[in-house]
Amino acid sequence: IVFVRAIVEQYPALRATLLSKLVNTLDSVTNGNVMCVCLWILGEYCEEADSLKEAFEEITAQLGEPPFLVHPEDKAAKEKAVAEAAAGPKIVTKNVVLADGTYATQTVYNEPKKAVIDDSTPSLRKMLLGG
């Protein structure tokens, strides 16, 4: 992203195109430091009314509706998922009788299935709520 900042600074003719592409890719930014630089670039170089309006609309869409609080049920579901993931695999040991009549010990590892969470929360809102 520092490369984008340098190109936007050095080539004013490309600013409109680069800023438009940056605005369109804000939803895929997941790193907080990268998001900070993206927002700084947009704030620093959006000088035309159209690009400023486009950037503002995308940022407000990424932030979502106020209040910017974590709901208790969301927090409880997240803590439960983390606890299940931390539990690790379960080991089940049992004795079995083989075809020739001898006994053997069978050990089975069962890993808990990861819960598929349909999280459509925009990344900027996640970063804001996560601190």
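This text follows the structure it describes.
Residues numbered from 1 in each chain as written. Predicted model: local features only at pLDDT ≥ 70, side-chain atom pairs only at ≥ 80, totals over all residues. Heavy atoms only, no water.

1. Considering the packing of aromatic side chains
What the rule picks out here adds up to one aromatic pair. Summarising the aromatic geometry, the rings of Trp 40 and Tyr 45 are spaced 6.0 Å apart at their centres and angled 85° between planes, so their arrangement reads as edge-to-face. Given the relative accessible area of 41%, Trp 40 is considered partly exposed. (Phe/Tyr/Trp six-rings, centres within 6.5 Å; stacked < 30°, edge-to-face > 60°. Buried < 20%, exposed > 50% of the residue type's maximum accessible area, 1.4 Å probe, protein only.)

2. Here's the deal with helix α3 (residues 32-45)
Over its 14 residues, α3 runs 20 Å from end to end, which matches the ideal 20 Å to within 8%, given 1.5 Å per residue. Along α3, the residues classified as buried are Met 35, Cys 38, Ile 41, Leu 42 and Tyr 45. Down the axis of α3, the buried side of the element spans an arc of 125°, and every buried residue falls inside it. Along α3, the residues that are exposed and aim more than 90 degrees away from the buried face are Asn 33, Cys 36 and Gly 43. For α3, the secondary structure elements touched by its buried residues are α1 (2-10), α2 (15-24), α4 (49-63) and α6 (123-130). The N-capping residue of α3, defined by a side-chain oxygen 2.8 Å from the backbone nitrogen of Asn 33, is Asn 31. (Helix = DSSP H or I, 4+ residues; strand = E, 2+ residues; numbered from the N terminus. Expected span 1.5 Å × (residues − 1). Arc of directions from axis to C-beta. Contact = heavy atoms within 4.5 Å. Polar contact = N/O pair within 3.5 Å; in protein donor to acceptor, adjacent residues only side chain to side chain.)

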